[in-house]
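What follows is the residue order along each chain.
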Amino acid sequence: MSIKIDENKCVGCEKCINVCPGSLIYKNEAGKAFIKYPKDCWGCTACIKECKVMAIKYFLRADIGGNGSYMYVSEKKEELEWHMVDRKNNGKIVVTSRKEANKY
Ligand code: SF4
Ligand code: SF4
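Bear in mind the structure is a predicted one, so any value in this text is a computation, not a measurement. (Residues numbered from 1 in each chain as written. Chains lettered and ligands numbered in written order. Predicted model: local features only at pLDDT ≥ 70, side-chain atom pairs only at ≥ 80, totals over all residues. Heavy atoms only, no water.)

> Now, about the confidence of the model for the protein: what can you tell me, with residues and values included?
This prediction gives the protein a mean pLDDT of 92; 96% of its residues lie at or above 70. The spread of mean pLDDT over the elements of the protein runs between strand E7 (residues 91-97), the lowest at 93, and strand E2 (residues 25-27), the highest at 98. (pLDDT = per-residue confidence, 0-100. Helix = DSSP H or I, 4+ residues; strand = E, 2+ residues; numbered from the N terminus.)

Written out as C-alpha cells, the structure is:
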C-alpha cells in the first residue's frame, strides 16, 4: 500500500505533509510534495482526503484491486467522493460525508 504524488498537479500547500501521521511526506526544492519512504505508508488515507487538487494517488492492495488500481478523493461541499480506478481505467465513486469521514 502506498501513494504517489503527481508533481505537475501539486501546488505545495503542505496539507498532506501536516496530516501524515508517519511524517512520510516532504517538499522538494521545487516546492512539490513527495513521499520519502513509500513502503512505510500504512494507508491511512489522510493525505488524499486533504489534497484539494487531487494530486495524490493511493494504490490499492491486491485484495481490493491491485494491478495498479488506485484511488483519489475529490470534495463537493460537505461530501467526499472516493474515486476508485481499476487497471482498465474503469471508475467507481463512493460518496461519504466529510464530517463522518474519520469514522471509516
Ligand atoms: S496536499 Fe496536494 S497540493 Fe498540497 S502539498 Fe500535498 S500533494 Fe501538494
Ligand atoms: S496514506 Fe497516510 S501514512 Fe500513507 S502517506 Fe498518506 S497520510 Fe501518510
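> So what's going on with the layout of surface pockets? Residues and values would help.
Its volume calculated, the largest pocket comes out at about 150 Å³. Lys4, Ile5, Asp6, Lys9, Met54, Ala55, Ile56, Lys57, Tyr70 and Tyr72 together form the lining of the largest pocket. (1 Å grid on protein atoms, 1.4 Å probe; cavity = no way out; pocket = protein on both sides within 12 Å on 5 of 7 lines; lining within 4 Å. Points joined across faces, edges and corners; volume = space filled by probe spheres on them.)

> Explain the nonpolar core residue by residue, including any values.
Counting 21 residues, the largest nonpolar core has Ile3, Ile5, Ile25, Cys47, Ile48 and Ile56 as the members making the most contacts within it. Once residues within four sequence positions are removed from consideration, Ile25 is found in contact with Ile3, Ile5, Cys16, Ile17, Cys20, Ala33, Phe34, Ile35 and Cys47. (Core = buried A, V, L, I, M, F, W, Y, C linked by side-chain atoms within 4.5 Å. Buried < 20%, exposed > 50% of the residue type's maximum accessible area, 1.4 Å probe, protein only. Contact = heavy atoms within 4.5 Å.)

> For the site of ligand 1, give the residues involved together with the corresponding values.
Residues in close proximity to ligand 1 include Ile5, Cys10, Val11, Gly12, Cys13, Glu14, Cys16, Ala33, Cys51, Val53 and Ile56, which together make up its full environment. Classifying every residue of the shell around ligand 1 by side-chain character gives 9 nonpolar, 1 polar and 1 charged. (Near = heavy atom within 4 Å. Nonpolar A, V, L, I, M, F, W, Y, C, P; charged D, E, K, R; others polar.)

> I'd like a rundown of the environment of Ser69, residues and numbers included.
Tracing the sequence through the fold places Ser69 in the loop between strand E4 (56-59) and strand E5 (70-76). With a relative accessible area of 4%, Ser69 lands in the buried category. Taking the C-alpha atoms as reference points, Ser69 and Ile93, 24 residues apart in sequence, are found 14 Å from one another.

> Account for the pattern of salt bridges, with residues named and values stated.
A side chain with one charge can pair with a side chain of the opposite charge if their charged atoms come near. Evaluated as defined, the whole model comprises 6 salt bridges. The shortest N-O distance in the salt bridge between Arg61 and Asp63 comes to 2.9 Å. Judged by relative accessible area, which is 39%, Arg61 ranks as partly exposed. Measuring nitrogen to oxygen at the nearest pair gives 3.4 Å for the salt bridge that ties Lys76 to Glu81. Taken together, the shared-partner salt bridges connect Glu50, Lys52, Glu75 and Arg98 into one network. (Salt bridge = Lys/Arg side-chain N within 4 Å of Asp/Glu carboxyl O.)

> How would you sum up the sheet that holds E5? Please name residues and give values.
Read across the sheet, 5 strands follow the order E1-E4-E5-E6-E7 without closing on themselves; strand pairing throughout is antiparallel. Two strands in the sheet have a free side with no partner beyond their single neighbour: strand E1 (2-5) and E7. Strand after strand, the sheet turns through a mean of 30 degrees between neighbouring axes, direction not considered. In terms of strand pairing, strand E6 (residues 79-85) meets E7 through 7 bridges, oriented antiparallel. Bridge pairing in E7 places Leu80 opposite Thr96. (Pairing = 2+ DSSP bridges. Axes fitted to C-alpha atoms, helices over the stretch in contact; angles between N-to-C directions.)

> Give me the site of ligand 2: which residues, what numbers.
Inspection of the region around ligand 2 gives Ile3, Cys20, Pro21, Ile35, Cys41, Trp42, Gly43, Cys44, Thr45, Ala46 and Cys47 as its neighbouring residues. Grouping the constituent residues of the shell around ligand 2 by class yields 9 nonpolar, 2 polar and no charged.

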